[in-house]
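Working through the structure, step by step
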Amino acid sequence: EYPAKGCPEVAKKILTLLNDSGIKAEADEERGFDHGVFIPLMLAFPNADIPIVSVSLHSSLSEKLHLEMGRALEPLRND
């Protein structure tokens, strides 16, 4: 377990950007951080003093879809 806080404001922006781009996305507030998220962060930030928002891969593993997701989330670079 990694006790870092989430960031609801950023999570909401992510959902809005994806859905506005035609990519169906929804929040799962019950899901904890998966080991692919918390293990690297636990090493880099052992005090868990940074906010984290985890975005899962789509189950199709479609390269095209994931590139579209990246383009949709590009505005977050300036936040």
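As shown above, the structure is provided for reference.
Residues numbered from 1 in each chain as written. Predicted model: local features only at pLDDT ≥ 70, side-chain atom pairs only at ≥ 80, totals over all residues. Heavy atoms only, no water.

Our next topic: the overall build of the chain. Each helix and strand counted, the chain has 3 helices and 0 strands in total. The N-to-C order of helical and strand elements in the chain reads α-α-α. C-alpha atoms of the chain, sized along the principal axes, occupy 35 × 25 × 25 Å. The burial tally for the chain puts 16% of its 79 residues in the buried class. Partitioning the intrachain contacts of the chain with sequence separation of at least 6 by distance along the chain shows that 72% fall at a separation of at least 24. A total accessible area of about 6,300 Å² is found for the chain, and carbon and sulfur atoms account for 54% of it. With 8 positive and 13 negative side-chain charges, the chain shows a spacing of 5 Å between the two charge centroids. (Helix = DSSP H or I, 4+ residues; strand = E, 2+ residues; numbered from the N terminus. Buried < 20%, exposed > 50% of the residue type's maximum accessible area, 1.4 Å probe, protein only. Contact = heavy atoms within 4.5 Å. Areas by Shrake-Rupley, 256 points an atom, 1.4 Å probe, with all protein chains shown as cover. Lys, Arg positive; Asp, Glu negative; His and termini not counted. Charge placed at Lys NZ, Arg CZ, Asp CG, Glu CD.)

As a further point, take the nonpolar core. I14, L18, I23, L65, M69, A72 and L73 together form the largest nonpolar core, which totals 7 residues. Secondary structure elements with two or more residues in this core: α1 (8–20) and α3 (63–73). Among the elements that make up this core, the one with the highest residue count is α3 (4 residues). Not counting residues up to four positions away in its chain, the partners in contact with I14 are V53, V55, L73 and L76. If you look at the next biggest cluster of nonpolar residues, it comprises 6 residues, including A4, V37, F38 and A48. (Core = buried A, V, L, I, M, F, W, Y, C linked by side-chain atoms within 4.5 Å.)

Residues of α3 that are buried: L65, M69, A72 and L73. The buried side chains of α3 occupy one side of the element, clustering within an arc of 90° when seen end-on. Along α3, exposed side chains directed more than 90 degrees from the buried face belong to E63, K64, L67 and R71. (Arc of directions from axis to C-beta.)

What follows deals with a nonpolar patch on the surface. Together, I39, M42 and L43 line one region of the surface with nonpolar side chains, adding up to about 290 Å² of accessible area. Along the chain, the position of M42 falls in helix α2 (residues 35–44). (Patch = residues over 30% accessible without salt bridge, like charges linked within 9 Å, V, L, I, M, F, W, Y side chains within 5 Å. Salt bridge = Lys/Arg side-chain N within 4 Å of Asp/Glu carboxyl O.)

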